[in-house]
Structures are given as structure tokens and as C-alpha cells.
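Spelled out from the first residue to the last, the chains are:
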Amino acid sequence: MFASLPSLAQAALSAPFKRSQLGLFHGKMKQYGNNVPFSKKKTRRTWLPNVQSKRLFSETLGENVRVKVTTRALKTIKKYGGLDQYVMKTKTDLLGWEGMRLRILVREAQERKVNKASPPIL
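Here's a quick rundown of the structure. (Residues numbered from 1 in each chain as written. Predicted model: local features only at pLDDT ≥ 70, side-chain atom pairs only at ≥ 80, totals over all residues. Heavy atoms only, no water.)

1. A word on the overall build of the protein chain
Phase 1 of the analysis: When helices and strands are counted, the protein chain shows four helices and four strands.
Phase 2 of the analysis: Along the protein chain, helices (α) and strands (β) appear in the sequence α-β-β-β-β-α-α-α when read from the amino end.
Phase 3 of the analysis: Among the 122 residues that make up the protein chain, the fraction classed as buried is 28%.
Phase 4 of the analysis: The contacts of the protein chain with a sequence gap of at least 6 include a subset with a gap of at least 24, amounting to 39%.
Phase 5 of the analysis: Here the protein chain displays about 9400 Å² of accessible surface, and carbon together with sulfur accounts for 56% of that area. (Helix = DSSP H or I, 4+ residues; strand = E, 2+ residues; numbered from the N terminus. Buried < 20%, exposed > 50% of the residue type's maximum accessible area, 1.4 Å probe, protein only. Contact = heavy atoms within 4.5 Å. Areas by Shrake-Rupley, 256 points an atom, 1.4 Å probe, with all protein chains shown as cover.)

Now the structure itself:
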């Protein structure tokens, strides 16, 4: 009759295109449309985003991070001036799970640097 609580919580976490959660896709999803030949017999087809596997340097972490990224996200990373600024300034719904994981890593590394640089209070 009524949905149970665990299934409602699970429904809130699901994404329409799960693959986009595993990299930096910057909101790009699978697109749908029709092939329309001369006979006008339409057949359904899909277009996938242009995904590349890249190693991007993180200044805060001091190492290369291997990540799947779309060409649109690469363009935006270049616009923001690097991976660290991209993950910190981009909205959470555009980042996905992998982007949020990188944001947490960068934020923790920044906090460690600040704590190390500040003199101890006596």
C-alpha cells in the first residue's frame, strides 16, 4: 500500500545516468533521439557524452589524479584555472559522487596546510 522508508531513501540517491557519477561529467548525460532515413521509419538511438580518461594535476594534493572526464568538464577546468578551483567552485549536482570525493580530499589537504602553517598558540 505505502512505500517503505528504505526504498524511499534509496530512490532519492539514484541517478538517471549512473556512469556520470563515476567521473567529472559536468552535467552531461545520455541523450535520446531518432534515426530518420529516407523512408521516414524512425528508430530510437542514443548519444553518449565524449568521455576521456585523463590525469589532472592537483596543486593542493601535489599529485596527478586519474579521473574520467568529459570534454565539456575539461574546458571548464581550464577556465577555472585547474582541478582544485573547479571542484571547489562547481555546484554539487554538476560534480557527482567522484567530484564530491575530490572536493573532500582537496578541502582536507587545504586544512592540513593551514594548520601546519599557523604557529601554535601558547
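Moving on from the model shown.
2. Digging into helix α4 (residues 92-117)
Phase 1 of the analysis: Counted at 1.5 Å a residue, the expected span for α4 with its 26 residues is 38 Å, but the 29 Å between its end C-alpha atoms falls short.
Phase 2 of the analysis: At E98, α4 shows its strongest bend, of approximately 85 degrees.
Phase 3 of the analysis: Buried residues of α4: L95, G96, E98, G99, L102, R103, V106 and A109, and no others.
Phase 4 of the analysis: Those residues of α4 that are buried are in contact with β3 (51-58), β4 (63-70) and α3 (83-89). (Expected span 1.5 Å × (residues − 1). Bend = angle between axes of the 7 residues up to and from the residue.)

3. Comments concerning the pattern of salt bridges
Once the charged atoms of two side chains with opposite charge are near each other, the side chains can pair.
Phase 1 of the analysis: This model, assessed by the stated rule, comprises one salt bridge.
Phase 2 of the analysis: Note that E98 and R101 form a salt bridge whose closest N and O atoms lie 2.8 Å from each other. Linking E98 with R101, this pair stays in helix α4, spanning three residues, or about one helical turn.
Phase 3 of the analysis: With relative accessibility at 16%, the residue E98 sits in the buried group. (Salt bridge = Lys/Arg side-chain N within 4 Å of Asp/Glu carboxyl O.)

4. Some remarks on the nonpolar core
Side chains of a nonpolar character, in soluble globular proteins, are inclined to be buried together.
Phase 1 of the analysis: Among the nonpolar cores identified, the biggest contains 13 residues, and L24, I77, L83 and Y86 are the most heavily contacted of them.
Phase 2 of the analysis: Those residues in contact with I77 that lie beyond four places of it in its chain are L24, L56, V69, G82, L83 and Y86. (Core = buried A, V, L, I, M, F, W, Y, C linked by side-chain atoms within 4.5 Å.)

5. Examining the environment of Y32
Phase 1 of the analysis: Relative to the assigned elements, Y32 resides in strand β1 (residues 31-35).
Phase 2 of the analysis: Separated by 16 residues in sequence, Y32 and L48 have C-alpha atoms that sit 9.1 Å apart.
Phase 3 of the analysis: Sequence-distant contacts of Y32, that is, excluding residues within four places in its chain, are made with R44, R45, T46 and W47.

6. So, the side chain of H26
Phase 1 of the analysis: Its place among the elements puts H26 in the loop between α1 (5-13) and β1.
Phase 2 of the analysis: For H26, a relative accessible area of 11% gives the class buried.
Phase 3 of the analysis: Aside from chain neighbours lying at most four places away, what touches H26 is T70, R72, A73, T76, Y86, T90 and L94.

Interpretation in functional terms is not warranted from these geometric data alone.
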